[in-house]
Amino acid sequence: MVTIKINNYERFFEVKSMPFLVASIFYNCYKNMKVCLINKNDEVSVYLDSYETKITRQKGYRIFSSSILFYLYRAGFNSFLNRADLDFQNLTKLTNIKIGDKEKFFDLIETFFKYYRKTEFFYTEKAYSIKTPSKKLLKNLESLSSLKSRGRILLNSIFLGSNCYIEVFLQKLSSQNNIPISTQRNLSFEEIISGNFNVSENFIKDYVLLYRDGKILASINDVGIE
């Protein structure tokens, strides 16, 4: 039995329906914040460890109140956004996708979240709560808002719609390996990369992805929430 003390977590977001592939991506990108994903009755709740979000609020404030730190962050994110669409498109146009190509695809998503997470409330809240912010902080937060808007467009391009990058990539893989897209959506990204998995429609429908000295995947019936 896995026990979760929900008071030790802060709610990140909830969403109706999330393929296990996407859940595994989110887990990987936020595992250093001890993420917990609970999928029950096809509704997903995502939580982050409260101690970790306390730290990120402090980190965010230091970045957004510093000319140098924010410049480096903004330059890095803009540079990534300027080339990301082309990088994704090139990978989805491949006719013979190899393991290295799959690694590059999911590495791009991980890099995206490395930048995009800093636009989320658990990085920005402290900075926005300052009652008398400096001109430098106000200017940086205004610039951050524009970055978040650009990032949101790419986020949607990656995950949303029948022609999003993930779906197109899975379509190419399906044509290549004769495994239905519906099956691939229920695999982890690690299984997609390695190609090592048992093809079955008997997937765990309700599950928990939990950081506790590594990944725990369990049936919701084996999890206690306090």
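Residues numbered from 1 in each chain as written. Predicted model: local features only at pLDDT ≥ 70, side-chain atom pairs only at ≥ 80, totals over all residues. Heavy atoms only, no water.

Caption draft 1: Inspection of the layout of surface pockets at higher detail. Roughly 490 Å³ of internal volume is contained in the largest pocket. What lines the largest pocket is a set of 24 residues, and nearest its centre among them are Met-18, Val-22, Phe-26, Phe-159 and Leu-160. Counting only elements with at least two residues in the lining of the largest pocket, the list comes to β2 (9–16), α1 (20–30), α4 (99–116), α6 (135–159) and α7 (165–177). Examining the composition of the lining of the largest pocket, we find that five residues originate from one element, α6, more than from any other. Of the residues that constitute the lining of the largest pocket, the class distribution is 17 nonpolar, three polar and four charged. (1 Å grid on protein atoms, 1.4 Å probe; cavity = no way out; pocket = protein on both sides within 12 Å on 5 of 7 lines; lining within 4 Å. Points joined across faces, edges and corners; volume = space filled by probe spheres on them. Helix = DSSP H or I, 4+ residues; strand = E, 2+ residues; numbered from the N terminus. Nonpolar A, V, L, I, M, F, W, Y, C, P; charged D, E, K, R; others polar.)

Caption draft 2: View of the nonpolar core. One finds Tyr-30, Ile-109, Phe-159 and Ile-166 to be the most contacted residues of the largest nonpolar core, which totals 62 residues. When residues of this core are assigned to their parent elements, the largest contribution, nine residues, is made by α1. Non-local contacts of Ile-109, meaning those with residues more than four positions away in its chain, are made with Ile-25, Cys-29, Phe-88, Ile-158, Phe-159 and Ile-166. With nine residues, the next largest nonpolar core counts Val-2, Ile-4, Tyr-9 and Val-208 among its residues. (Core = buried A, V, L, I, M, F, W, Y, C linked by side-chain atoms within 4.5 Å. Buried < 20%, exposed > 50% of the residue type's maximum accessible area, 1.4 Å probe, protein only. Contact = heavy atoms within 4.5 Å.)

Caption draft 3: Up close: the pattern of salt bridges. Tallying each qualifying case throughout the model produces seven salt bridges. Glu-14 is the salt-bridge partner of Arg-11, the closest N and O atoms lying 2.3 Å from each other. Given the relative accessible area of 44%, Arg-11 is considered partly exposed. With its nearest N and O atoms 2.8 Å apart, the salt bridge here joins Glu-167 to Arg-185. In this pair, Glu-167 is assigned in helix α7 and Arg-185 in the loop between α8 (181–184) and α9 (189–194), connecting sequence segments 18 residues apart. Judged by its relative accessible area of 14%, Glu-167 is buried. Where salt bridges share partners, they join Glu-10, Arg-57 and Glu-125 into one cluster. (Salt bridge = Lys/Arg side-chain N within 4 Å of Asp/Glu carboxyl O.)

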